[in-house]
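One letter stands for each residue in the lines below.
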Amino acid sequence: MKEIIALQEQLKKNNIAYYIVPTDDDHQSEMVGDYYQFRKYLSHFTGSAGTLLVGQEDAYLWTDGRYFIQAEQELPENVKLMKMRQPNVPTIHDFLVSHLRTGDRLGFDGQVMNASFLIDLEEEMNIELVDTDMTFIWENRPERSHEKAFYYDDAYHGTDVKEKLSLLRDYMANVGTTSHLIASLDDICWLFNIRGHDIACSPVVLSFALIEDDQATLYLQREAYDDDMETFYNAKGVTIKDYDEIYHDVSLLEGQLLVDLSAINYKLYASISCEMYDSENPTQYFKCIKNDTEIKNTTHAHIKDGVAVTQFMYWLKHHKMTDEDTEVSIADKLESFRKKQSLYLEPSFDTICAYKENGAIIHYHATSDHCARVYNKGMLMIDSGGQYLDGTTDITRTFVLGELSEDERRDFTLVLKCFLNLMNLKFPHGMTGINIDTVARAPLWEYGMDFRHGTGHGVGHFLNVHEGPQGIRPYDEEPTTIEPGMITSDEPGYYKPDAYGIRHENLLLCVKDEETEYGQFLSFKPLTLVPIDLDGVDVSLLSPKQRTWLNDYHKKVYDTLHSFLNEDERAWLKEATKAI
């Protein structure tokens with residue numbers, strides 16, 4: 001509460017009507033390092049998505065349905081929760097349009113503020129934009145990460161930097177641009193085959209990139225590279241320069257610049273003086289379709305992850321809980337199984353280990369100071385993943401630890417029906433995530449139920465666990481066609497406040513199916529191989545086809561994993577994947 005008041009005092013002193021605090025870093029990343037957690041510091045809200053708007057006398061926090069319950073619990077009383085996409089709740093843009101008057105001053109930190117948002121606002125309103133960094137009020141702010149970067153070996157992904165740059169320059173020539181600015185970290189890391197440790201759980205390095213017809217420049221913090229790396233990249237036609245020099249260099253550009261204004265910060269935009277061609281970074285499309293080397297490697301990574309999670313499931317189903325067993329200790333136990341696998345580096349996101357009513361908080365995060373004890377009853381939902389050098393994994397399983405009520409068993413099975421429907425969908429080429437989302441939600445809709453998050457997101461290759469451009473959700477401003485080679489999650493859920501949460505999740509590889517007179521059809525191949533807990537299934541609610549789908553999946557799980565398990569684990573897996 002005092003943090004908001006301190007900022008409001010600065011707004012009054014500087015005659016600023018409102019100040020926007022996004023969750024973003026200089027690169028508009030979804031997950032950000034501690035140095036960029038100003039919104040968290042001010043609002044106490046720990047969710048990974050949300051925008052804080054502070055006025056001289058009021059304050060508001062916008063977030064989506066994944067975080068409604070969490071935000072209600074964490075926000076101080078002087079911050080009002082604005083539930084996005086709910087009736088009578090304006091967007092931040094609309095709120096500012098209705099609350100700001102001509103000549104009012106709107107404050108923000110230009111290095112973390114999204115360029116497109118402010119461009120759109122400025123076109124509609126006659127207000128003064130004030131780029132001012134207010135983080136000086138942040139006591140004991142952490143320093144910005146500057147970890148050592150490393151080259152990601154071609155054996156894991158199959159395409160050299162020179163080949164990727166050639167592909168990108170061909171695209172630039174086709175759209176008539178002479179340069180291309182990239183600020184999004186997943187795009188840069190993919191293009192230059194570079195990885196780092198600047199954001200927890202995402203192997204990225206803080207960087208910018210500028211690609212021109214005859215040169216490519218990678219902007220890194222000095223601590224991130226050494227002379228050997230500089231020499232290595234020079235041989236590939238890439239110059240390394242200081243991280244902050246990007247702002248000066250873009251001011252010197254001539255010709256037409258290809259740039260995604262929704263993926264850069266406002267200070268970068270304000271530094272550009274040449275003509276701009278605003279379009280999504282083409283690397284978003286290049287990297288979302290995995291090549292044969294990436295598919296082979298990530299398939300192997302998912303087998304290893306399947307072994308780890310299945311061994312954990314065996315332990316969990318046989319373990320007699322004590323007062324020492326908590327959400328945190330159980331998450332640590334799962335991590336211990338992953339650490340035994342080759343090429344494993346770290347989790348792909350903070351594990352969501354949510355017992356009973358905590359499962360209703362969609363992106364719940366237990367800490368040692370705030371976690372529930374776990375007993376042999378009810379349900380435990382665990383959403384977790386791993387960063388392996390050969391691939392990125394993401395899996396959710398809801399485990400049954402004891403007797404269930406009729407409602408719990410019904411809801412577990414309804415979510416399973418949604419999950420099976422999508423995993424086994426066959427569809428004509430040309431469909432987007434919006435087109436197929438309804439298939440996953442239909443079983444819940446029949447009961448007047450739904451879930452407030454997307455059904456699926458793209459996944460990077462030893463990169464961000466959440467990547468675009470594709471997604472499976474009921475709304476999307478610019479939907480992307482689902483293509484062979486894309487990896488997308490399948491994760492429907494149901495969340496009953498103060499009671500329980502249920503989610504099942506696999507990662508799916510889109511593949512070509514048959515071609516008929518109606519064109520090419522596509523389908524999905526599950527990469528994730530871990531049993532569904534049959535103790536939660538009401539078989540009577542499954543159609544014959546859905547029972548066959550589940551049995552076929554479980555046979556694949558057993559056939560693939562059993563040879564990696566010991567005798568006791570193997571015998572248990574045989575029973576856990578039995579035909580129903």
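As annotated in an unreviewed UniProt entry, the chain carries the name Xaa-Pro aminopeptidase and comes from Kandleria vitulina DSM 20405.

Now for the UniProt feature "domain: Peptidase M24" (unreviewed entry) in the chain. UniProt feature "domain: Peptidase M24" (unreviewed entry): in the numbering of this structure it lies at residues 299-510. End C-alpha to end C-alpha, residues 299-510 measures 13 Å, and it is 30% helix and 25% strand.

Another aspect to go through is the state of the cysteines. Evaluation of the coordinates by the stated rule reveals 0 disulfides. Cys510 takes part in no disulfide bond, and the closest cysteine sulfur to it belongs to Cys288, at a distance of 11 Å. On the basis of relative accessibility, which here comes to 2%, the residue Cys510 falls in the buried class.

In this model, Gly468 is joined to Pro469 through a cis peptide bond whose omega is 5°. Among the structural elements, Pro469 can be located in strand β23 (residues 467-472).

This part is about the UniProt feature "domain: Peptidase M24 C-terminal" (unreviewed entry) in the chain. The positions that UniProt labels "domain: Peptidase M24 C-terminal" (unreviewed entry) are, in the present scheme, residues 520-580. Annotation note: span residues 520-580, helix share 46%, strand share 11%, distance between end C-alpha atoms 33 Å.

In the contact formed by helix α6 (residues 161-174) and helix α7 (residues 185-192), the axes pass within 7 Å of each other and the chain directions differ by 120°. One finds that α6 runs oblique with respect to α7. For the pair α6 and α7, contact is made by Val161, Lys164, Leu165 and Leu168 and by Trp190, Leu191 and Phe192, respectively. When its residues are assigned to classes, the contact of α6 with α7 shows 6 nonpolar, no polar and 1 charged.

Rules of the game
Residues numbered from 1 in each chain as written. Predicted model: local features only at pLDDT ≥ 70, side-chain atom pairs only at ≥ 80, totals over all residues. Heavy atoms only, no water. UniProt positions renumbered as here; feature names shortened; annotations may be inferred. Helix = DSSP H or I, 4+ residues; strand = E, 2+ residues; numbered from the N terminus. Disulfide = S-S within 2.5 Å. Buried < 20%, exposed > 50% of the residue type's maximum accessible area, 1.4 Å probe, protein only. Axes fitted to C-alpha atoms, helices over the stretch in contact; angles between N-to-C directions. Parallel < 35°, antiparallel > 145°, perpendicular 65-115°, else oblique. Contact = heavy atoms within 4.5 Å. Nonpolar A, V, L, I, M, F, W, Y, C, P; charged D, E, K, R; others polar.

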